[in-house]
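Chain residues, written in single-letter form:
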Amino acid sequence: MLLPWSAAELALAEAALAAKARAAYPLGRDAELEGGARRLMRQLPDCHALAAKIEVHWNARMRSTAGRAWQGKGRVELNPRLHECPEGEIDRTLRHELAHLVAYFRASRFGLRRRIEPHGAEWRLACHELGIPDEERTHRLEALKSRRLPLRFRYRCPVCDRDFPRARPMRRPLACGPCCEERNGGRYDTRFRLVAA
Ligand SMILES: [Zn+2]
Ligand SMILES: [Zn+2]
C-alpha cells in the first residue's frame with residue numbers, strides 16, 4: 001500500500017534544506033572546473049588560444065538559466081543550483097557552454113565575424129567534439145532538474161510515518177515537511193529527519 005505523499009510536501013522539506021545547503025555551494029571562480037575545461041578544449045587542435053583564456057565561474061544571481069557563455073571573454077558562468085540536479089549535469093552544462101565558445105571562436109577568427117545561430121550547426125559540431133553529441137538546446141535549469149528518474153529510494157518520517165520516495169539517495173539530511181510545518185513553525189528539526197524505509 002502506498003502511504004500518502006505529495007510532491008508539495010516533499011518540495012517543502014527539500015526547499016528548507018536546499019536553502020541551508022546553498023550557503024555551502026561554491027561561488028566565484030572554480031579552478032578545478034576551469035582546469036578540466038582547458039584540458040578538454042586543448043583536445044581541439046584549433047582551439048588552443050581559446051583554451052588558454054577559459055574561465056569558469058559560479059554565479060549565484062542566475063535564476064532559471066543553468067549556464068551562460070560570455071563569448072568574447074571565453075568565460076562560462078554556471079548556476080550553483082546545478083548541485084541540486086541529477087549527477088553529471090554540471091559537467092554536461094559546462095560542455096554545452098564551452099561548445100558555444102568554440103562555435104563563436106571559430107566563426108570570429110581571422111578577423112571574420114560570421115553570424116551563426118546560437119544552437120546551429122557550428123554549436124552542434126562542437127558538442128560532438130566535446131563529447132555530448134546528443135545535447136539538447138536548452139539552458140533551462142528546471143528542464144534539467146525534472147528529467148524523470150525512477151523513484152528507487154524510499155525514506156520515511158519517524159514521527160508521522162509518511163513515505164518519501166526519491167530518485168537518488170539522500171546525501172544530506174532531509175526532514176519531513178508536514179511535521180516541520182505542523183509542529184515546528186516550518187523550521188527544520190532533527191526530530192523529523194527522514195530515515196531509510
Ligand atoms: Zn546553449
Ligand atoms: Zn512527518
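Rules used throughout
- In every chain, residue numbers begin from 1 and rise along the written sequence.
- Written order decides the labels, with chains lettered from A and ligands numbered from 1.
- Residue-level local features of this predicted model are given only where pLDDT is at least 70; pairs of side-chain atoms are given and counted only at 80 or more, and the full residue set underlies all totals for whole chains, interfaces and linings.
- For side-chain calculations, the full set of non-hydrogen atoms in the structure is used, while hydrogens and water are omitted.
- Note that water is not among the atoms considered, so a metal site may appear incomplete; the donors listed are N, O and S atoms within 2.8 Å of the metal, with 3.2 Å applied to Na, K and Ca.
- Under the classification used here, a metal with four donors is tetrahedral if each angle lies between 85 and 135 degrees, square planar if opposite donors are over 155 degrees apart and the others between 65 and 115, a six-donor metal meeting that same test is octahedral, and anything else is irregular.
- Any residue under 20% of the maximum accessible area for its type is buried, any over 50% is exposed, and the rest in between are partly exposed; the area is computed with a 1.4 Å probe on protein chains only.
- Helix and strand labels come from DSSP, where a helix needs a run of H or I of at least four residues and a strand needs a run of E of at least two; each type is numbered from the N terminus.
- Helix span is expected to be 1.5 Å times the residue number reduced by one.
- Residues count as neighbours in contact if any of their non-hydrogen atoms are within 4.5 Å of one another.
- Definition of a polar contact: a pair of N or O atoms within 3.5 Å, with one able to donate and the other able to accept a hydrogen when the atoms are protein atoms, and with sequence-neighbouring residues admitted only if both atoms are side-chain atoms.
- Two rings belonging to Phe, Tyr or Trp (six-membered ring only in the last case) form a pair when the distance between their centres is within 6.5 Å. Interplanar angles under 30 degrees mark stacking, angles over 60 mark edge-to-face geometry, and anything in between is tilted.
- Think of it as a cone above the ring: NZ of Lys or CZ of Arg counts as a charge over the ring if it is within 6 Å of the ring centre and within 35 degrees of the ring normal.
- Here, nonpolar core means buried Ala, Val, Leu, Ile, Met, Phe, Trp, Tyr and Cys residues that are tied together by side-chain atoms lying within 4.5 Å of each other.
- Following DSSP output, two strands are said to pair if at least two bridges run between them.
- Throughout, an axis means a line fitted to C-alpha atoms (over the contacting stretch in the case of helices), and angles, computed between N-to-C directions, take values from 0 to 180 degrees.

Draft legend 1. View of the coordination of the zinc ion (ligand 2). Every protein donor of the zinc ion (ligand 2) is listed here as Cys157 (SG), Cys160 (SG), Cys176 (SG) and Cys179 (SG), and their distances to the metal cover 2.2 to 2.4 Å. Seen from the zinc ion (ligand 2), its 4 donor atoms lie at angles of 105 to 114 degrees, and the figure they make is tetrahedral. Using a relative accessible area of 0% as the deciding quantity, one classes cysteine 157 as buried. For cysteine 176, a relative accessible area of 0% corresponds to the buried category.

Draft legend 2. Examining helix α7 (residues 177-184) more closely. Taken as a whole, α7 has its buried residues at Gly177, Pro178, Cys179, Cys180 and Asn184. A positive phi of about 60 degrees marks glycine 185, the residue just after α7.

Draft legend 3. Structural detail: helix α2 (residues 31-42). For α2, with 12 residues, the first-to-last C-alpha span of 16 Å sits near the 16 Å given by 1.5 Å per residue. Residues of α2 that are buried make contact with β1 (28-29), α3 (48-53), β2 (55-58) and α4 (89-107). Measuring from the side-chain oxygen of the N-cap residue of α2 to the backbone nitrogen of glutamate 32 gives 3.1 Å; that N-cap residue is aspartate 30.

Draft legend 4. Focus on the packing of aromatic side chains. Under the definition given, this model contains 0 aromatic pairs. The ring of tryptophan 70 carries lysine 73 above its face, with NZ or CZ at 5.1 Å from the centroid.

Draft legend 5. Expanded view of the nonpolar core. In terms of nonpolar packing, the biggest core is built from 30 residues, with Met41, Leu50, Ile54, Leu82, Leu98 and Val102 touching the most fellow members. Within the residue set of this core, elements represented by two or more residues are α2, α3, β2, β4 (75-78), α4 and α5 (121-129). The leading source of residues in this core is α4, at 8 residues. With sequence-adjacent residues up to four places away left out, valine 102 is seen in contact with Met41, Leu44, Cys47, Leu50, Ala126 and Leu130. The next biggest cluster of nonpolar side chains, apart from the first, holds 10 residues, and it includes Cys157, Phe164, Cys180 and Phe192.

Draft legend 6. A look at the pairing of β2. Where β1 lies against β2, 2 bridges are found, and the strand directions are antiparallel. The residue bridging glycine 28 from the neighbouring strand is tryptophan 58, located in β2. Pairing of β2 with β4 involves 4 bridges; the strand directions are parallel. Paired with tryptophan 58 across the two strands is leucine 78, which belongs to β4.

Draft legend 7. Region of the structure containing the sheet that holds β1. Reading across from one edge, β1-β2-β4-β3 is the order of the 4 strands in this open sheet, with mixed pairing throughout. Here the strands that pair on one side only, and so sit at the sheet edges, are β1 and β3 (67-70). Sitting on the sheet, α4 touches β2, β3 and β4, and the angle it makes with β4 is about 150 degrees.

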